[in-house]
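# Residue-level structure breakdown
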Amino acid sequence: MTTNDERRVAITGMGIISPIGENLADYLAALRQGCSGITRWKQLDERCYSRIGGDLSDFDLAAHLEHVGIHYPEALVQMARKLLRATPLSGRLTTAAALQAFVHAGLHETPVAPARIGHILAGHNLNGPYIHDNAMTYREEPEFIDPLYGVMYLDTDVLAVIAQLLNLRGPCFSVGGACASGNLALLASLDLLRAGRADALVVSGAASPLGFVTRQAWSLIDALSIRSFNDTPTQASRPFDARREGFVPSEGAAVVVLETFASAQRRGAPIHAELMGAASTSNASRTTKPDLEAQVRVMGDALRDAGLVPEQVDYINAHATSTPLGDAVEVQAIKQLFGAHAYAIPVNATKSLVGHCLTSAAIVELVATVLQIQHNFVHPTINQTVADPELDLDFVPNQARPHQIQVALSNAFGFGGLNACVVVGANPYPQ
Amino acid sequence: MTRNEVFEVVKAQIYRVASHLRGKEIQETDNLTDLGADSLDIVEVVSGSMKQLNIKVPRTRLSMVDEVSDLLDLFEEAVATKQTVQP
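Rules and cut-offs
Residues numbered from 1 in each chain as written. Chains lettered and ligands numbered in written order. Predicted model: local features only at pLDDT ≥ 70, side-chain atom pairs only at ≥ 80, totals over all residues. Heavy atoms only, no water. Helix = DSSP H or I, 4+ residues; strand = E, 2+ residues; numbered from the N terminus. Contact = heavy atoms within 4.5 Å. Buried area = accessible area lost by both parts, 1.4 Å probe. Salt bridge = Lys/Arg side-chain N within 4 Å of Asp/Glu carboxyl O. Polar contact = N/O pair within 3.5 Å; in protein donor to acceptor, adjacent residues only side chain to side chain. Expected span 1.5 Å × (residues − 1). Buried < 20%, exposed > 50% of the residue type's maximum accessible area, 1.4 Å probe, protein only.

## Examining unusual backbone geometry
Residue and element names in this part refer to chain A. One non-glycine residue, Asn125, adopts positive backbone phi at about 50°. Relative to the helices and strands, Asn125 is located in the loop between β4 (117–122) and α5 (128–140). A positive phi is found at Asn383, a non-glycine position, where the angle reads about 65°. Residue placement: Asn383 occurs in the loop between β11 (377–378) and β12 (401–402).

## Observations concerning the interface of chain B and chain A
Between chain B and chain A, the contact holds 13 residues from the first and nine residues from the second. In this assembly, chain B packs against chain A so that about 1,100 Å² is buried in total across both faces, 54% of it on carbon and sulfur atoms. When residues of chain B are sorted by the area they lose upon contact with chain A, B:Glu44, B:Lys51 and B:Lys56 head the list and together hold 41% of the total. Our enumeration of links across chain B and chain A arrives at four salt bridges. We note a salt bridge from A:Arg85 to B:Glu44, for which the minimum N-O separation is 2.6 Å. Counting across the interface, chain B meets chain A through five residue pairs in polar contact (both at pLDDT 80 or more). Elements with a minimum of two residues in the side of chain B that touches chain A: α1 (3–17) and α2 (39–53) of chain B.

## Focus on helix α11 (residues 292–306) of chain A
Residue and element names in this part refer to chain A. An ideal rise of 1.5 Å per residue puts 21 Å on 15 residues; α11 measures up with 22 Å between its terminal C-alpha atoms. Within α11 the residues assigned to the buried category are Ala294, Gln295, Val296, Val298, Met299, Gly300, Ala302, Leu303 and Ala306. Of the surrounding elements, those touching the buried residues of α11 are β8 (273–282), α12 (324–338), β13 (407–414) and β14 (418–426). Regarding α11, its N-cap is Asp291, as a side-chain oxygen of that residue lies 3.1 Å from the backbone nitrogen of Glu293 further along.

Shown next, in the form of structure tokens:
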């Protein structure tokens, strides 16, 4: 490591709770095999148009801690059980992923000073079903709402629970940017670490469970897949394919530990990848319509932040939600920025497998990106059956394949015209 | 419903919320804070007990509670009142 590396930022830990894997090994296997995690919703309201999604509503924390957490320190397991006993679903899923990342980074054995490690949480509107259920209870009997509602309805309760559990006493706040929240949290974290405000940060992509009202509302604005695939849910999320008809919401959480190279070196922590750059742009528009210029600009800005040029990128993890217009504009933006090089690099869609994890999506996809970098492959974009003639890049259709990645770019675009992009590099000091 | 039955409901709620106390005998003279319950645990125990007993005690009166016996006094009174009104 050189002196110039002091403020470079490493990814030293990762955790995942998703419909295709509740630990890194299972997630990696599912990415390789191209497994879909989309099913019928386990709780259906026949009046609601939305019937399918990535459903983790029956996530069993106790079983997870016994299986995945078998090597966790007992004190952490006990405190997690207590803190999460009554915590709504988003907090349970996100905290379980945070525990994985914390242990994966070795922070339980070689800690960073508590005041020098913080927590940045990507996400908002995390407790919709819980809030709705309590509103229903209030209508019946105000005395019997959840006694901890005053604490737990806040999105920042997820932030606080993880901070308490892992004793994170440095910078601590949440970042909201709809479906770009994950990349925006990475951007904020990168800036904090570069500025020296912390040595390490736990960056959580918070799970966004959806209640019936939101599912119905997004159906009404034609954002979701609600027509053709209710009986074949694994086929519904099909980014780039000609039969795509809308996104498929999903309930995953993912967490990474970001750390300065200096801190990682001090701790002897493994560097899984480098977060090289990030950028954010706005469409200055309330609509859900994508903006070509703002997408081109955000990718270019992120590369400049990383000190790279487009030709150095050898893999793109696309935002690619499986909406007709969204996928088309993103492909156009990639072609515009990358020119002929766009045709030389694989562009896949993790959402074809996991669905759209909303505020955590970009971190779910960052974990997929790092695993592909580490294991020298690109996962398939599944459900590629009818080619869209205008979308002609290499989407890695249906089959994984070997691929060496040195520099990856990952997009996230959110309602409200929010665009964010991160650049991820392979570990510059492989063993 | 007897005072002892009310106490059993409260004890079950304490054990549910503060799992580290399971197996420990709880006395009427115990103070929940001294037992290691935090402020949120106490709110949960009180609300859970009221829900199970199907009673309502004004929060202004609950703020006076110190020992478990104080809680039982309030709950016992509320149960008796309810049983008088709704036999």
